[in-house]
Amino acid sequence: MPKKRIWTNARLATMSPGLPGLGIIEKGTLAAEGERITYAGPEDQAPPADVHEVIDCEGRWLLPGLIDCHTHLVWAGSRAHEFELRLAGASYEEIARAGGGIRSTVSAVRIASEDQLVTESLPRLDALIGEGVTTVEIKSGYGLSVEHELKQLRAARALAKARPVDIETTLLAAHALPPEYEGRADAYIDLVCNEIIPAAAKAGVTSAVDAFCETIGFTPQQTDRVLSAARQHGLAVKLHADQLSNLQGGALAARHNALSADHLEYLDEAGIAAMAAAGTVAVMLPGAYYFLRDTHAPPLEALRKADISLAISTDCNPGTSPLTSLLLAMNMGATLFRMTVEECLLGTTRHAARALGLQEETGTLEAGKLCNLSIWDIERLAELVSNMGLNRLHTRIWRGQ
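Worth saying up front: this structure is predicted, and the values here are computed from it rather than measured.

## Quick word on the overall build of the chain
Step number 1: Looking only at helices and strands, the chain features 15 helices and 15 strands.
Step number 2: A globule of 401 residues ought to have a C-alpha radius of gyration of about 21 Å, and the chain, at 21 Å, matches this closely.
Step number 3: With respect to the three principal axes, the spread of C-alpha positions in the chain is 65 × 45 × 40 Å.
Step number 4: Here the chain, with 401 residues, has 57% of them falling under the buried criterion.

## Let's talk about the sheet that holds strand S8 (residues 166–174)
Step number 1: The strand order S6-S7-S8-S9-S10-S11-S12-S13 describes an open sheet built from 8 strands, whose pairing is parallel. Looking at the sheet topology across the chains shown, the edges are occupied by strand S6 (66–68) and strand S13 (310–312). The mean angle between the axes of side-by-side strands here comes to 25 degrees, regardless of whether they run parallel or antiparallel.
Step number 2: Across 4 bridges, strand S9 (residues 208–213) lies against strand S10 (residues 236–241) in parallel orientation. By the bridge assignment for S10, phenylalanine 212 is matched with histidine 240.
Step number 3: Contacts from helix H4 (residues 114–129) reach S6, strand S7 (133–139) and S8, with the element oriented near 145 degrees to S7.
Step number 4: The strands that helix H5 (residues 146–162) touches are S7 and S8; relative to S8, the one it contacts most, it runs at about 170 degrees.

## Re the UniProt feature "binding site: N-formimidoyl-L-glutamate" (unreviewed entry) in the chain
Step number 1: According to UniProt, the positions carrying the feature "binding site: N-formimidoyl-L-glutamate" (unreviewed entry) are Tyr142, Asn317 and Gly319. Taken together, the annotated residues stretch across 178 residues yet fold into one region, lying no more than 11.7 Å apart by C-alpha. For the largest cavity, the lining residues among the annotations just cited are Tyr142 and Asn317.
Step number 2: When you line up the elements, asparagine 317 lands in the loop between S13 and helix H12 (326–337).
Step number 3: Excluding anything up to four places from it in sequence, asparagine 317 contacts His72, Trp75, Tyr142 and Pro322.
Step number 4: A distance of 2.8 Å separates a polar atom in the side chain of asparagine 317 from the backbone oxygen of aspartate 315.
Step number 5: Within the element layout of this structure, glycine 319 appears in the loop between S13 and H12.
Step number 6: On the basis of relative accessibility, which here comes to 2%, the residue glycine 319 falls in the buried class.
Step number 7: When near neighbours in sequence (up to four residues on either side) are disregarded, glycine 319 contacts Arg79, Arg86 and Phe291.

## A short note on the pattern of salt bridges
Step number 1: Following the criterion strictly, the structure yields 19 salt bridges and no others.
Step number 2: In this structure, arginine 11 engages glutamate 26 in a salt bridge whose closest nitrogen and oxygen atoms are separated by 3.0 Å. In this pair, arginine 11 sits in strand S1 (residues 4–13) while glutamate 26 sits in strand S2 (residues 24–33), placing the two residues 15 residues apart along the sequence.
Step number 3: Using a relative accessible area of 16% as the deciding quantity, one classes arginine 11 as buried.
Step number 4: Judged by relative accessible area, which is 46%, glutamate 26 ranks as partly exposed.
Step number 5: Bridged by salt links that share partners, the residues Arg11, Glu26 and Glu379 form one connected network.

## Digging into the packing of H5 against helix H6 (residues 185–203)
Step number 1: Their axes nearest at 10 Å, the elements H5 and H6 cross at an angle of 35 degrees. Crossing handedness for the pair H5 and H6: right-handed. Mapping the contact onto sequence places Val146, Glu149, Leu150 and Leu153 in H5 and Glu195, Ile196, Ala199, Ala200 and Ala203 in H6.
Step number 2: Here the residues of the contact of H5 with H6 sort into 7 nonpolar, no polar and 2 charged.

## Describing the nonpolar core
In a soluble, globular protein the nonpolar side chains are often hidden away together inside.
Step number 1: Of all hydrophobic cores here, the largest spans 99 residues; its most connected members are Leu63, Leu125, Tyr188, Val226, Met284 and Leu345.
Step number 2: Here the element with the most residues in this core is H6; it accounts for 8 residues.
Step number 3: Each of two domains, domain 1 (4–64 + 364–397) and domain 2 (66–355), supplies a minimum of three residues to this core.
Step number 4: Beyond its immediate chain neighbours, meaning those up to four positions away, leucine 125 contacts Leu73, Val136, Leu159, Arg163, Val165 and Ile167.
Step number 5: Within the second largest apolar cluster, 14 residues are counted, among which are Trp7, Leu12, Ala32 and Ile37.

## A short note on the UniProt feature "domain: Amidohydrolase-related" (unreviewed entry) in the chain
Step number 1: Taking the numbering used here, the UniProt-annotated feature "domain: Amidohydrolase-related" (unreviewed entry) corresponds to residues 62–379.
Step number 2: Within residues 62–379, the helical portion is 45% and the strand portion 15%, while the C-alpha atoms at the span's ends are 12 Å from each other.

## Thoughts on the confidence of the model for the chain
Step number 1: Mean pLDDT for the chain: 96, with 100% of residues reaching 70 or above.
Step number 2: By mean pLDDT, the top-scoring element of the chain is S6 (99), and the lowest-scoring one is helix H2 (residues 92–97) (77).

Basis of the calculations
Residues numbered from 1 in each chain as written. Predicted model: local features only at pLDDT ≥ 70, side-chain atom pairs only at ≥ 80, totals over all residues. Heavy atoms only, no water. Helix = DSSP H or I, 4+ residues; strand = E, 2+ residues; numbered from the N terminus. Rg over C-alpha atoms; globule rule 2.2 N^0.38 Å. Buried < 20%, exposed > 50% of the residue type's maximum accessible area, 1.4 Å probe, protein only. Pairing = 2+ DSSP bridges. Axes fitted to C-alpha atoms, helices over the stretch in contact; angles between N-to-C directions. Contact = heavy atoms within 4.5 Å. UniProt positions renumbered as here; feature names shortened; annotations may be inferred. 1 Å grid on protein atoms, 1.4 Å probe; cavity = no way out; pocket = protein on both sides within 12 Å on 5 of 7 lines; lining within 4 Å. Polar contact = N/O pair within 3.5 Å; in protein donor to acceptor, adjacent residues only side chain to side chain. Salt bridge = Lys/Arg side-chain N within 4 Å of Asp/Glu carboxyl O. Left-handed = near helix turned anticlockwise from the far one by under 90°. Nonpolar A, V, L, I, M, F, W, Y, C, P; charged D, E, K, R; others polar. Core = buried A, V, L, I, M, F, W, Y, C linked by side-chain atoms within 4.5 Å. Domains from an automatic or database assignment. pLDDT = per-residue confidence, 0-100.

This is the structure:
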């Protein structure tokens, strides 16, 4: 029989779209049966329940488990030397064109075993879990062949067996041009569309497909082929869009009804209008903006005016955002992009769930949702965004446990 638990004496931030703002209930109660929430609301309106366990939150804040909706968390090796090169004046583009960047990690991933990838990635995952994260999206993109892309995705799925966390995997084979396809980008896109995507779909190791639409990545035409192939195989799509230049990536993502378009530093008005019409979530990645010392921020005010949902994520990756703190990502979103506390908290819960197509399962405290919770020793919710390096997590609950 599923265990029935109830959390009492809590300050709830439900993130429910049916309530204003963060859906705050000052004197709240949350009940769960097994891994599902059965009630989240005012304590004096909670239905009577025969429960196995009562947990007194002692006035603490109770939020949904946090969601990191854009990571490249599975990799091997280190690219710290590239950080030194950038400090000496080299640009990300210069490093990439000289054979560094993504290609450097590709070499390390290709020689690593699946078990090695899991072992190297666990500390990064543990850092996120330690901050109340209960759902993590992990992209491939460092294998760039059928064999190694699937290996990376299997390693990401294996992390969910090693830790109490929900893992969503995304195929990012169109991340960079592998060295064996130098000068033959269209031929590589043929491989992605005709072999890698079908193999990943058949193996059931991914739920979405992403691509890097950029001057140092793939053209809009090539990207369009990748997203079309994903749709033909019943997979959702996401897109790295308009990070380093304006290639109308946001509009391209919207044309394919993408769950999200991510980065968006150079997103234009046409892209904003297209994303708003399609309901595509805008994912802010301030870690990369900070690490690359960028100065061209995403058009936050225009995104707000268009009523586009804003998510925020670590973009955890070895070269441009080696960030394993979603709390710090929120602080960066606030300080660098001027996001509000409300935007940061919704962006790591409700809107992050939408960016993964998981809004019916998680991201809010509502009956029927997964009982993924984070309980915090804080007085004000703003502390989760304002603190830098101080983790006030009291308890993390994953699927009721």
